[in-house]
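# Geometric and topological summary
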Amino acid sequence: MSALARYFKSLGKTVSGYDKTETVLTRALVGEGIQVHYVDDVSLADKNADLIVYTPAIPKDHAELNFFVKNYDNVLKRSDVLGLITQNSYNICVAGTHGKTTTSAMVAHMLRDSGKGCNAFLGGIASNYQSNFWSSSTNIAVVEADEYDRSFLKLSPDVAVITAMDADHLDIYGTKAEFENGFIAFTGRIKPNGLLVYNKKLSRAIDFDVENSMSYSVSDTSADCMVQNLEIRNGSYHFDVMVKDEKIIGFELNMGGVHNVENALAAFVAARQTGVKDDLLKSGLASFKGVKRRFEYIYRDRSNIYIDDYAHHPEELKALIHGAKGLFPDKALTLVFQPHLYSRTRDFADGFAEALDMADDVILLPIYPARELPIEGVSAETIARRMKRIKPEIIEKNKIVETLSARKPALLVTAGAGNIDTLVEPIKKMLEQHDA
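Quick summary incoming for the structure in this document. Just so it is clear, the model here is predicted, and its values are computed rather than measured.

Along the backbone of the protein chain there are 15 helices and 20 strands. A globule of 436 residues ought to have a C-alpha radius of gyration of about 22 Å, and the protein chain, at 21 Å, matches this closely. Taken along the three principal axes of its C-alpha coordinates, the protein chain extends 60 × 55 × 45 Å. The proportion of buried residues among the 436 residues of the protein chain is 53%.

Attention now moves to the nonpolar core. One broad trend across soluble globular proteins is that nonpolar side chains are buried collectively. Core analysis: the largest hydrophobic core is formed by 109 residues, its most contacted members being F239, L317 and L335. With residues near it in sequence (within four places) discarded, L317 still touches A311, L335, F337, F352, A355, L356 and A415. Core analysis: the next-biggest nonpolar cluster, separate from the first, contains 16 residues, L365, I400, I420 and I427 among them.

Okay, the sheet that holds strand β15 (residues 296–300) next. Judged by pairing direction, the sheet is mixed, and its six strands sit side by side in the order β15-β16-β20-β17-β18-β19 without closing on themselves. Each edge of the sheet is formed by a strand with only one pairing partner; in this case those strands are β15 and β19 (393–394). Across the sheet, helix α14 (residues 400–407) lies against β17 (333–337), β18 (361–364), β19 and β20 (411–415), angled at about 165 degrees from β18, the strand it touches most.

A few words on the sheet that holds strand β9 (residues 159–162). Strands sit in the order β7-β6-β8-β5-β9-β10-β11-β12-β13-β14 across an open sheet of ten strands; the sheet is mixed. Each having just a single partner strand, β7 (131–134) and β14 (246–253) make up the two edges of the open sheet. Within this sheet the neighbouring strands show an average axis-to-axis angle of 20 degrees, counted without direction. Sheet topology note: the strand β6 (residues 119–126)/strand β8 (residues 140–144) ladder contains three bridges and is parallel. By the bridge assignment, F121 is partnered in β8 with V143. Those strands touched by helix α7 (residues 176–187) are β5 (90–95), β9 and β10 (195–199), and its axis lies near 160 degrees from that of β9.

Our focus in this paragraph is the pairing of strand β12 (residues 225–233). One ladder, built from two bridges, connects strand β11 (residues 213–217) with β12; its direction is parallel. What sits directly across from S217, in β12, is M226. Here β12 runs beside strand β13 (residues 236–243); their pairing, made up of seven bridges, is antiparallel. Bridge pairing in β13 links Q228 to D240. Here β12 folds back onto β13 in antiparallel fashion, the turn holding two residues, of which N234 has a positive phi close to 55 degrees.

The phi torsion at Q130 lies on the positive side, around 55 degrees, for a residue other than glycine. In this structure, Q130 sits in the loop between β6 and β7. Even without glycine at this site, L341 takes up a positive phi of about 85 degrees. Within the element layout of this structure, L341 appears in the loop between β17 and α11 (342–347).

Thresholds, definitions, all that
- Sequence order as written defines residue numbering, which begins from 1 separately in each chain.
- Confidence filtering applies because this is a predicted model: local features only for residues at pLDDT of at least 70, side-chain atom pairs given and counted only at 80 or more, and all residues used for totals across whole chains, interfaces and linings.
- As a convention, hydrogens and water are excluded, and side-chain values are obtained from all of the structure's heavy atoms.
- Here a helix means four or more residues in a row that DSSP labels H or I, a strand means two or more in a row labelled E, and each is numbered from the N terminus.
- Note on method: radius of gyration uses C-alpha positions; expected globular size equals 2.2 Å times residues raised to 0.38.
- Type-normalised accessible area, obtained with a 1.4 Å probe on protein chains alone, sets the label of each residue: buried when under 20%, exposed when over 50%, and partly exposed for intermediate values.
- Definition used in this section: a nonpolar core is a set of buried Ala, Val, Leu, Ile, Met, Phe, Trp, Tyr and Cys residues joined via side-chain atoms within 4.5 Å.
- Contacts: residue pairs with any heavy atoms within 4.5 Å of one another.
- Paired strands, in this sense, are two strands between which DSSP finds at least two bridges.
- Axis definition: a line fit to C-alpha positions, over the contact stretch in the case of helices; interaxial angles, taken between N-to-C directions, run 0 to 180 degrees.

This is how it looks when you write it as structure tokens:
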């Protein structure tokens, strides 16, 4: 939503909006001249707006949205607006249960860094630019394709990327099979002579509705594109890439997690379709600083490492913990996790428990409800009861900094898609004070 707000602001439009809570991002928007209010009050909404754009994450009883739906004709979902904006551009659309934000940011950065340029609509803040949107005179759009509410079915990719299809949003799709059917339908949106770039491990790749495709993998040697000679040097990944029978050597990635090496491979293959030379793409990847809240190093010295991540699905947590332990095998990992949504906690409680048991110490926050009302019998305790190796503590958000200050963890990871990000700066300050 904030990327669209920035897009319209870049066109000289007056932009305003509502959000549930004030965040670093909303403060940035206000600093850019976009008015934001945090109370659902129709009197605060701009009645002179020509276009109302909303996300399906807004609760159905939201007074402002219902007022506009009742009284205005031009009320569109975010996905409809993105579809209209990209109607006549060359589109690289990145979808997937996990990895889509990092992968789309990698593609957009490589194109911008190379001089090719692109219009970028991302789901996270690219650290190189401190933004999730930028524009270009080049008629190429890089779009994060969101599966929630089937939003990605409004897009028309020239190049589509699918990073993962692990079931999620069962409140929308109902079943794992129907969730996967959504991605299969997404492949049917690819333009004639377009290309699908997909993770080799996807179980239903045979069902994709495409003529041209390329699979990729960090480990499967049967993939069309794969990583070779992967090694870690000074906290960075170095590797070579095979694209069919062609070997491209000398890649460097300066962000943590082997899963991000796989994302980099997908991004390289997708960006390559625009005709940019390999050396320019490699240079762009090496200068990529990551995405806010995607394996983001918040604090790092010889004795303490603090990583923050958006992970809110069991598979994302597994990749996060595996990546952190792989980079820092000699440090005990303390994970602070805020479950996101009652329905997701209910549907994937066993998976969350299995993932969290990979850590050395776990603190759970109460569930962040977002758009949902509580579900009887579902809480953070639902996950805690299922954990076998670790007995986690459930601690209120306002007690977390105090708790961590007493524990002094050597390797700390905070994770979740709710408002746990508001703890990042207080935790960082606490660590700095300990080292002062």
